[in-house]
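Working through the structure, step by step
The lines below spell out each chain.
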Amino acid sequence: MNEVIRENLETVESRIKAACERCGRDRSEVTLIAVSKTHPAEMVREAYDLGIRQFGENKVQELQDKIPKLPDDTMWHMIGHLQHNKVKYIAGSIHMIHSVDSLRLACTIEKEAAKHDRIIPVLIEVNVADEESKFGVSPGETKDLVRSIAKECPHLQIRGLMTVAPYVEDAEENRGVFKLLRKLSVDIDTCNIDNVSMSVLSMGMTGDYEVAIEEGATHIRVGTGIFGARDYGKK
Ligand SMILES: *Cc1c(COP(=O)(O)O)cnc(C)c1O
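In short, a report on the structure. Because the structure is predicted, anything quoted here is derived from the model rather than measured.

1. Remarks on helix α6 (residues 139–152)
- When the terminal C-alpha atoms of α6 are compared, their 21 Å separation across 14 residues agrees well with the 20 Å that a helix rising 1.5 Å per residue should span.
- Every buried residue belonging to α6 is among Thr142, Leu145, Val146, Ile149 and Ala150, and all of these are buried.
- Contacts from the buried residues of α6 go to β4 (96–100), α5 (103–115), β5 (120–125), β6 (156–162), α7 (175–189) and β7 (196–202).

2. With respect to the pattern of salt bridges
- Within this structure, the stated rule accounts for 16 salt bridges.
- When the shortest N-O distance is used, the salt bridge between Asp73 and Arg53 registers 3.5 Å. Residue Asp73 is located in the loop between α3 (60–66) and β3 (75–78), and its partner Arg53 is located in the loop between α2 (41–49) and β2 (54–57); the two are separated by 20 residues in the primary sequence.
- Between Glu62 and Lys66 there is a salt bridge whose closest N-O contact spans 2.7 Å.

3. Considerations on the site of the ligand
- Taken together, Val35, Lys37, Ile79, Met162, Val164, Met205, Thr206, Arg221, Val222, Gly223, Thr224 and Arg230 are the residues near the ligand.
- Here an oxygen atom of the ligand sits 2.6 Å away from a polar atom, N or O, in the side chain of Lys37.
- Contact between the ligand and Thr224: an oxygen atom at 2.5 Å from a side-chain N or O atom of the residue.
- Considering the ligand on its own, with 390 Å² of exposed area, one finds that the protein chains cover 88% of that surface.
- Within the shell around the ligand, the residues separate by chemical class into six nonpolar, three polar and three charged.

4. Concerning the pairing of β4
- Where burial is concerned, most of β4 is hidden: five out of the five residues are buried.
- In this sheet, β4 lies alongside β3 in parallel orientation, the contact comprising two bridges. Note that in β4 the partner of Met78 across the bridge is Ile97.
- Two elements, β4 and β5, share two bridges in a ladder whose sense is parallel. For Val100, the partnering residue across the bridge sits in β5 and is Ile124.
- Handedness of the crossover joining β4 and β5 through α5: right-handed.

5. Quick notes on unusual backbone geometry
- Residues other than glycine seldom take positive phi values, yet Thr38 does so here, at roughly 75 degrees.
- Relative to the helices and strands, Thr38 is located in the loop between β1 (31–35) and α2.
- For Thr38, a relative accessible area of 13% translates into the label buried.
- Even without glycine at this site, Asn195 takes up a positive phi of about 65 degrees.

6. What to know about the pairing of β7
- For β7, the buried fraction is high: five of the seven residues fall into the buried class.
- Taken together, the four bridges between β6 and β7 define a ladder with parallel strand orientation. Bridge assignment links Ile158 to a residue of β7, and that residue is Val196.
- Handedness of the crossover joining β6 and β7 through α7: right-handed.

7. Observations concerning the side chain of Thr163
- Mapped onto the elements of the fold, Thr163 is located in the loop between β6 and α7.
- Within the local environment of Thr163, its side chain forms a polar contact with the backbone oxygen of Val126, the two atoms lying 2.6 Å apart.
- For Thr163, the residues in contact, after removing those within four places along its chain, are Val126, Val128, Val177, Leu181, Ser202, Met203 and Arg221.

8. Some thoughts on the packing of aromatic side chains
- Overall, the coordinates contain one aromatic pair when judged by the stated rule.
- Between Phe55 and Trp76, the aromatic rings sit 5.7 Å apart at their centres with planes inclined by 35 degrees, giving tilted as the arrangement. In this pair, Phe55 is assigned in strand β2 and Trp76 in strand β3, connecting sequence segments 21 residues apart. Across the pair, Trp76 and Phe55 agree in class, each one buried.

9. Overview of the packing of α5 against α6
- Orientation of α5 relative to α6, taken along the N-to-C sense of each, is 25 degrees, at an axis distance of 10 Å. Taken together, the axis directions place α5 and α6 in an arrangement best described as roughly parallel. Between α5 and α6 the crossing geometry is right-handed. Side by side, α5 and α6 meet where Leu103, Ala106, Cys107 and Glu110 of the first sit next to Leu145, Ser148, Ile149 and Glu152 of the second.
- Broken down by class, the residue content of the contact of α5 with α6 amounts to five nonpolar, one polar and two charged.

About the thresholds
- Residues numbered from 1 in each chain as written.
- Predicted model: local features only at pLDDT ≥ 70, side-chain atom pairs only at ≥ 80, totals over all residues.
- Heavy atoms only, no water.
- Helix = DSSP H or I, 4+ residues; strand = E, 2+ residues; numbered from the N terminus.
- Expected span 1.5 Å × (residues − 1).
- Buried < 20%, exposed > 50% of the residue type's maximum accessible area, 1.4 Å probe, protein only.
- Contact = heavy atoms within 4.5 Å.
- Salt bridge = Lys/Arg side-chain N within 4 Å of Asp/Glu carboxyl O.
- Near = heavy atom within 4 Å.
- Polar contact = N/O pair within 3.5 Å; in protein donor to acceptor, adjacent residues only side chain to side chain.
- Areas by Shrake-Rupley, 256 points an atom, 1.4 Å probe, with all protein chains shown as cover.
- Nonpolar A, V, L, I, M, F, W, Y, C, P; charged D, E, K, R; others polar.
- Pairing = 2+ DSSP bridges.
- Right-handed = clockwise from strand over helix to strand, strands pointing away.
- Phe/Tyr/Trp six-rings, centres within 6.5 Å; stacked < 30°, edge-to-face > 60°.
- Axes fitted to C-alpha atoms, helices over the stretch in contact; angles between N-to-C directions.
- Parallel < 35°, antiparallel > 145°, perpendicular 65-115°, else oblique.
- Left-handed = near helix turned anticlockwise from the far one by under 90°.

Structure (structure tokens):
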């Protein structure tokens, strides 16, 4: 057993608990997604054996490689930019797609979900900080996109919003980003759009998940903090 993963998970868990206590939330309101991208299936299995069931990946190829190697009750989250021509490879097995940012992509997912006769839970990715390098819809266009997808894609169930905050030295700098996503989510929720819920707020990564929890995150995506640094050179 990998002691490093065990210790890392203990650290992350105690920080989640502390953040929940600081803002009066129950630990059960926050789902930890272990982001296993670039790490081998054996490491994912170790985290699984330590009780983790939800994993995040950002490439279809890696999902295809790892899904068959983990037990059936593992829940996989697609958190990265999704290419249209690859939706078909994950439509039957993905637990949730966090990165829907256009009607066109939603319609592709709709078609593949229908083929599998299933409804796929999705989040709308919002580019809150309006960074040019990022994927995601702008905050101002989010509500219209939610309405269009809800109307045209019966095999998608919109569950909430996701954002990738900028990389910052001090997590406090991202508090405003998280506040804005939360506010947008509350705003959309009050519209009571059919077949749309705003119960999920996927925000916060290794560097800033505690601030994200204080600002209402229901799903945090932690990679480095659990599995250690990623080695992109190895691939
Ligand atoms: C890689 C990644 C994460 C995890 O980042 P860490 O800083 O390693 O915790 C979270 N969300 C998305 C969308 C990612 O691509």
